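An overview of the molecular structure
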Amino acid sequence: MLDLKYLRDSLDQAEQRLATRGEAVNLTGFRALDQRRRELLGESESLKAEKNRVSTLIGQSKDKSAVQGEIVRMKEVSARIKTLEDELKGVEDELQQLLLMVPNIPHEQCPVGASEAGNREVRRWGEPPVFDFEAKPHWEIGEKLGIIDFERAGKITGARFSLLFGAGARLERALISFMLDLHTGSHKYVEVLPPFMVNRESMRGTGQLPKFEDDLFHTADPDYFLIPTAEVPVTNIHRDEILAGADLPICYTAYTPCFRREAGSYGKDTRGLIRQHQFNKVELVKFVLPEEGDQELEKLLRDAEEVLRRLQLPYRVVDLCTGDLGFSAARTFDIEVWLPAQGTYREISSCSSFRDFQARRASIRFRREEGARPEFVHTLNGSGLAVGRTLVAILENYQQADGSVTVPDALRPYLGGMERIGG
RNA sequence: GGAGAGGUGGCCGAGCCGGCUGAAGGCGCUCGCCUGCUAAGCGAGUGUACGGGGUCAACCCGUACCGAGGGUUCGAAUCCCUCCCUCUCCGCCA
């Protein structure tokens, strides 16, 4: 959510910067609503002051019959206040609805562009492997090895689900442990294991609601949502809190499954593990001082990259342009891993700064020192990494001519020393 | 799922036969005094949001907030209704 006072003072600038996102952002009506709100507030609050003053006098008077006229008058004042407040509530609801639908303002260093095509490659790491045979897609490799079964997953649940067996299941688990150990050990994140279902307030806090309800799995009773990313429960850990400035940055890492409806992606990535309704992810989340946001994002990005470096998987980093940013993000770097069968880089991590956008929605604040005014923190997060896609990358990049798959060195301790799957 | 108890300021905890309670008291914290050091002691201060004013920073005024939302009343932390959450006992259960 954007700052009401900023919008009031710099509406034109806000509109211009939002326009670089491409989609039309509707701020019409904001000014009128804001002004009406302040008029109603002014009138009802001065009437309340009057009411409070007179009511105290009535309470103090010995002779109630002497103040009968005031009682009658206050009755009318109260009725008037009620009318004003009803209208005020309507106006505030409308204003709130409007503000909750407005996306974040892009960071000034974001490349400006209308779509994915405007993204800027920042760096590449590693060399795509060269095979003396035709590289197979991971679903063929996995099914041949008997470690991935899409057909039975479809029977059990439906499309876009998967079933892992044996070394496949173990590899997935190994990746989770490996990533968590790296981030808690070398990178000093605190491991958390949050709820996988959250309430509406949490979803609103990070920005999934109210705009993207269609993308979420929902339970009817109670009214909960399955998390689409650990960002939601982990960022909301500190919702409605005031943190001590000295405690910042606060860094968490969490493994969770993620659940996404993938509405509107019919026909995309229909085969394989790339796009699933349920997938595992290890997430990194930070709460930082506003002035340290940019450098903390850079560090978070490096921490996520480190996973691929240790696994010796080639990747590149892309700086998303204004038109490709997510709703809540001010700045995003995607990490894309090389997938030989597709002959292209595919997203495996997305590292974003939300600045104070989520903090304002979720009311996450801090004090620089004891007694200082609360300020909003900046929130950051990134995948470190998407586990399913990492498994895909390993199967494809480490595949051998005979259909077996070599286990990356860094993972062997997590697989009881296993050096190869199949073969 | 059944029965009962309760949700008050950073924390503990009064108030709950309606008004003078943003809210007693204690703890914590900040500043000052005192003190060979420490501890103790003494004094003052110590929430947030919104709106208005302002030398637009410190500050001043107003309003709101005693789990959430409604209601009664001139006036509600205090009375009534609905919902949420926590705790205890029973049942069920990984």
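Please refer to the structure higher up on the page.
Conventions and cut-offs
Along every chain, residues carry numbers that run from 1 in the direction the sequence is written. The naming scheme follows written order: chains are lettered A onward, ligands numbered 1 onward. In keeping with the predicted nature of the model, local features appear solely for residues at pLDDT of at least 70, side-chain atom pairs appear and are counted solely at 80 or more, and the whole-chain, interface and lining totals rest on all residues. The side-chain values count all of the structure's non-hydrogen atoms but skip hydrogen atoms and water molecules. Whenever Lys or Arg places a side-chain nitrogen within 4 Å of a carboxyl oxygen from Asp or Glu, that contact is recorded as a salt bridge. Only DSSP runs of H or I covering at least 4 residues are called helices, and only runs of E covering at least 2 are called strands; the numbering of each starts at the N terminus. Each patch is built from salt-bridge-free residues with over 30% relative accessible area, joining like charges within 9 Å and nonpolar side chains (Val, Leu, Ile, Met, Phe, Trp, Tyr) within 5 Å. Here the open area of atoms and residues is found with the Shrake-Rupley method and a 1.4 Å probe, where only the protein chains shown may cover a residue. The positive count covers Lys and Arg only, the negative count covers Asp and Glu only, and His and the chain ends enter neither. In plain terms, the charge of a residue is placed at NZ if it is Lys, CZ if Arg, CG if Asp and CD if Glu. Side-chain rings of Phe, Tyr and Trp, where Trp is taken by its six-membered ring, are said to pair if the distance between their centres is within 6.5 Å; with planes under 30 degrees apart they count as stacked, over 60 as edge-to-face, and otherwise as tilted. Working definition: with a 1.4 Å probe on protein chains only, accessible area under 20% of the residue-type maximum means buried, over 50% means exposed, and in between means partly exposed. Only protein atoms enter the 1 Å grid, on which a cavity is a set of points fitting a 1.4 Å probe that cannot get out and a pocket is an open set with protein on both sides within 12 Å along at least 5 of 7 lines, lining residues being those with an atom within 4 Å of a point. Grid points are joined across faces, edges and corners, and a volume is the space filled by probe spheres set on the points. Amino acids outside the nonpolar list (Ala, Val, Leu, Ile, Met, Phe, Trp, Tyr, Cys, Pro) and the charged list (Asp, Glu, Lys, Arg) are all regarded as polar, and Gly is one of them. One bridge is not enough; two strands pair if DSSP finds at least two bridges between them. Fitted lines through C-alpha atoms serve as axes, helices being fitted only where they are in contact, and the angles separating the N-to-C directions of these axes extend from 0 to 180 degrees. Every residue pair with non-hydrogen atoms within 4.5 Å of one another is taken to be in contact. One heavy atom suffices: a residue is near a molecule or strand as soon as one of its heavy atoms comes within 4 Å of it. N or O atoms closer than or at 3.5 Å make up a polar contact, with two conditions inside protein: a donor-capable atom paired with an acceptor-capable one, and, for residues adjacent in sequence, both atoms drawn from side chains.

**Regarding the pattern of salt bridges**
What the rule picks out here adds up to 39 salt bridges. Put simply, arginine 355 and glutamate 108 hold a salt bridge, and the shortest N to O gap is 2.8 Å. Linking arginine 355 in strand β11 (residues 344–355) with glutamate 108 in the loop between α4 (68–100) and β1 (120–125), this pair joins segments that are 247 residues apart in sequence. Here the salt bridges do not stand alone but share partners, grouping Arg123, Glu298, Arg302, Glu305 and Arg309 into one network.

**Quick look at a negative patch on the surface**
There is a patch of like negative charges on the surface, built from Glu134, Glu140, Glu143 and Glu151. Within the fold, glutamate 134 resides in the loop between β1 and α5 (138–144).

**So, the packing of aromatic side chains**
What the rule picks out here adds up to seven aromatic pairs. Judged by centre distance (6.1 Å) and plane angle (80°), the ring pair of tyrosine 252 and phenylalanine 287 falls under edge-to-face. In this pair, tyrosine 252 is assigned in strand β7 (residues 250–259) and phenylalanine 287 in strand β8 (residues 278–288), connecting sequence segments 35 residues apart. Per residue, the accessibility class of tyrosine 252 equals that of phenylalanine 287, and both read buried. Ring-pair connections join several aromatic residues into one group, and the members of that group are Phe212, Phe327 and Phe357.

**Side note on the layout of surface pockets**
Of the volumes computed, that of the second largest pocket is approximately 260 Å³. Those elements that place two or more of their residues in the lining of the second largest pocket are α7 (166–185) and β8. Looking at the lining of the second largest pocket, the element that brings in the most residues is β8, giving three residues. A breakdown of the residues in the lining of the second largest pocket according to their chemical character gives six nonpolar, five polar and one charged.

**What to know about the sheet that holds β7**
With mixed pairing, the eight strands of this open sheet are ordered in space as β1-β9-β10-β11-β14-β8-β7-β2. On the outer flanks of this sheet lie β1 and β2 (190–192), each paired with one strand and no other. Looking at each pair of strands side by side, their axes are set apart by 25° on average, direction ignored. One ladder, built from seven bridges, connects β8 with strand β14 (residues 378–386); its direction is antiparallel. Among the inter-strand pairings, phenylalanine 287 is bridged to a residue of β14, identified as threonine 379. Across the sheet, α7 is in contact with β2, β7, β8 and β14; its angle to β8 comes to roughly 10°. Contacting β8, β10 (331–339), β11 and β14, helix α12 (residues 387–397) crosses the sheet at an angle of about 35° to β14.

**Remarks on the side chain of glutamate 262**
With respect to the helices and strands, glutamate 262 occurs in the loop between β7 and β8. Residue contacts for glutamate 262: discarding those within four places in its chain leaves Arg160, Arg275, Gln276 and His277.

**A few points about the environment of phenylalanine 178**
Its location among the elements puts phenylalanine 178 in helix α7. Residue phenylalanine 178 is classed as buried on the basis of its relative accessible area of 6%. C-alpha of phenylalanine 178 to C-alpha of tyrosine 414: the two residues are 236 residues apart in sequence and 7.2 Å apart in space.

**Looking at the pairing of β14**
Two faces belong to every sheet, and in a regular strand the side chains alternate between them. Burial within β14 is extensive, with nine of its nine residues counted as buried. Alignment of β11 against β14, held across four bridges, turns out to be antiparallel. Note on β14: the bridge partner recorded for serine 352 is asparagine 381.

**A closer look at the protein's contact with RNA strand B**
Close to RNA strand B lie 23 residues; Arg8, Arg37, Lys75, Ser78 and Arg367 are nearest. When atoms of RNA strand B within 4 Å of the protein are split into backbone and base, the sugar-phosphate part holds 76%. Isoleucine 71 is positioned such that a nitrogen or oxygen atom in its backbone is 3.5 Å from a sugar or linking oxygen of RNA strand B. Looking at the surface near RNA strand B, the elements with two or more residues in it are α1 (4–9), α3 (30–60), α4 and β12 (364–367). Of the residues in the surface near RNA strand B, the class split is six nonpolar, four polar and 13 charged.

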